[in-house]
Amino acid sequence: MVVRRAIHALADRPRVTRWISDKGMRSGFARRFIAGETLEEALAAIIELRNKGMDVTVDYLGEVVRDAEATRAVTDTYCSILDRISDPDIGASISLKPTHLGLSISRELAQENIGRIVAHAKELDNFVRIDMEDSSTTEATLEIFKTLRPQYDNLGTVVQSYLYRTEEDVHKLNALGAKLRLCKGAYKEPAQVAFQDKSEVDRNYVKVAELLLREGTYPAFATHDHRVIEHIKSMARKRGIDKDAFEFQMLYGIRRDVQLQILEDGYRMRIYVPFGQQWLPYFMRRIAERPANAWFVVRAMLGN
Ligand SMILES: Cc1cc2nc3c(=O)[nH]c(=O)nc-3n(C[C@H](O)[C@H](O)[C@H](O)COP(=O)(O)OP(=O)(O)OC[C@H]3O[C@@H](n4cnc5c(N)ncnc54)[C@H](O)[C@@H]3O)c2cc1C
């Protein structure tokens with residue numbers, strides 16, 4: 001946790017972030033987690049994953065956009081991404097961030113933009129997942145989801161096991177038939193709202209996963225945690241839940257060995273493929289999650 005906080009602090013230092021965003025793609029170290037800066041690069045990564053039998057969700061990277069016109073342009077871009085990836089030869093869904101689409105300006109704007117994307121996805125018979133960002137956005141994100149969901153069954157969202165509120169949220173969302181992705185949570189959160197101890201976050205993940213397997217609608221378990229994955233498989237087996245009734249999800253470039261193993265074991269495996277020029281905050285969260293990752297950045301800094 002201390003190292004994680006230190007990395008989050010570094011992520012706020014303009015000199016460090018300028019260096020990383022300058023060198024990350026050119027020297028290649030950012031490509032470990034980011035499929036590329038263009039849709040063409042992302043499509044190549046998607047096709048490779050699809051050929052292996054994986055499902056894919058695409059994230060056009062960006063967050064905290066404070067210009068309303070810019071959020072409308074992001075909305076247009078998402079619609080054209082949907083046009084490309086809904087092609088049956090590609091067959092990927094999308095994930096999006098509310099602050100990329102106006103939530104930093106107003107809830108109404110984010111809802112209007114997300115609504116436009118979900119409506120377009122529905123025409124194309126595709127699915128949209130609203131990612132969950134930091135806890136200052138949780139309530140508004142769930143409100144947007146609950147408002148749009150009655151019109152659009154092709155919409156899902158995300159809950160984070162580090163938040164105290166999540167268990168109660170999941171009870172309510174299950175009652176609405178919400179399709180939820182469960183993750184641990186990637187943001188720096190205070191003790192007032194979130195468990196600080198990793199073992200408590202992990203314990204709550206398993207507890208909420210049980211709840212989703214019992215009462216949820218096609219839940220998605222987003223984690224690379226081998227022990228948690230085994231626990232979920234065993235819970236599902238004991239309850240006689242079909243392997244197709246839920247899916248596992250992992251991030252592009254992380255634990256490729258486990259991704260393939262899950263697929264070989266007959267479960268559905270969806271890979272989250274991020275692309276775009278605004279990759280830095282996403283990249284820094286991946287470094288903070290696993291401080292050992294900082295070494296390949298340091299090695300690149302030292303010119304090795
Ligand atoms: C598909 C998907 C979607 C997500 N969406 C969201 C979201 O909407 N909102 C949100 O807050 N968070 C999201 N996350 C991130 C999530 O909250 C965690 O921060 C992240 O997945 C790491 O937690 P873990 O469950 O893998 O467990 P951990 O206990 O952190 O890690 C377990 C093991 O996974 C491997 N691992 C984990 N992270 C890394 C890494 N960065 N680099 C290399 N190896 C790693 C390591 O082997 C580690 O031992 C998402 C994650 C996934 C997989």
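Here the structure is a predicted model, which means the values were calculated and not measured.

## Points about the packing of helix α8 (residues 198–215) against helix α9 (residues 226–238)
Move 1: Relative orientation of the contacting elements α8 and α9 amounts to 25°, with a least axis distance of 11 Å. Accordingly, the angle class assigned to the pair α8 and α9 is roughly parallel. Considering only the axes of α8 and α9, their crossing is right-handed. Mapping the contact onto sequence places D202, Y205, V206, A209, E210 and L213 in α8 and R227, V228, H231, I232, M235 and A236 in α9.
Move 2: Considering only residue class, the contact of α8 with α9 consists of eight nonpolar, one polar and three charged.

## Overview of the packing of helix α2 (residues 14–23) against helix α11 (residues 280–289)
Move 1: It is at 11 Å that the axes of α2 and α11 come closest, and there the two elements cross at 105°. Between α2 and α11, the angle is such that the two are roughly perpendicular. Taking contact as the criterion, the partners of T17, I20 and S21 in α2 are, on α11, L280, F283 and M284.
Move 2: Taken together, the residues of the contact of α2 with α11 break down into four nonpolar, two polar and no charged.

## Observations regarding the site of the ligand
Move 1: Around the ligand, the surrounding shell holds 25 residues, and the nearest of these are G185, K198, T223, H224 and E289.
Move 2: Note that a nitrogen atom of the ligand is positioned 2.7 Å from one of the backbone N or O atoms of M132.
Move 3: In the model, an oxygen atom of the ligand is placed 3.3 Å from a nitrogen or oxygen of the R255 side chain.
Move 4: Isolated, the ligand exposes 920 Å² of accessible area, and the fraction of that covered by the protein chains is 89%.

## Re the environment of D87
Move 1: Summarising the element assignment, D87 is placed in the loop between α4 (68–85) and β2 (93–96).
Move 2: Using a relative accessible area of 33% as the deciding quantity, one classes D87 as partly exposed.
Move 3: With 39 residues separating them along the chain, D87 and N126 place their C-alpha atoms 10.0 Å apart.

## Brief notes about the pattern of salt bridges
Move 1: Tallying each qualifying case throughout the model produces 24 salt bridges.
Move 2: Across the pair E167 and K207 runs a salt bridge whose closest N-O atoms are separated by 3.1 Å. Taken together, the residues span a long stretch of sequence, with E167 in helix α7 (residues 166–175) and K207 in helix α8 at a distance of 40 residues.
Move 3: With relative accessibility at 28%, the residue E167 sits in the partly exposed group.
Move 4: A salt bridge links D202 to K198, with the nearest nitrogen and oxygen atoms 3.1 Å apart. Taken together, the residues span about one helical turn, with D202 and K198 both in helix α8 at a distance of four residues.
Move 5: Residue classification places D202 among the buried positions, given a relative accessible area of 13%.
Move 6: Here the salt bridges share partners, and the residues they tie into one network are D59, K97, D131 and R181.

Reading the values: rules and limits
Residues numbered from 1 in each chain as written. Predicted model: local features only at pLDDT ≥ 70, side-chain atom pairs only at ≥ 80, totals over all residues. Heavy atoms only, no water. Axes fitted to C-alpha atoms, helices over the stretch in contact; angles between N-to-C directions. Helix = DSSP H or I, 4+ residues; strand = E, 2+ residues; numbered from the N terminus. Parallel < 35°, antiparallel > 145°, perpendicular 65-115°, else oblique. Left-handed = near helix turned anticlockwise from the far one by under 90°. Contact = heavy atoms within 4.5 Å. Nonpolar A, V, L, I, M, F, W, Y, C, P; charged D, E, K, R; others polar. Near = heavy atom within 4 Å. Polar contact = N/O pair within 3.5 Å; in protein donor to acceptor, adjacent residues only side chain to side chain. Areas by Shrake-Rupley, 256 points an atom, 1.4 Å probe, with all protein chains shown as cover. Buried < 20%, exposed > 50% of the residue type's maximum accessible area, 1.4 Å probe, protein only. Salt bridge = Lys/Arg side-chain N within 4 Å of Asp/Glu carboxyl O.

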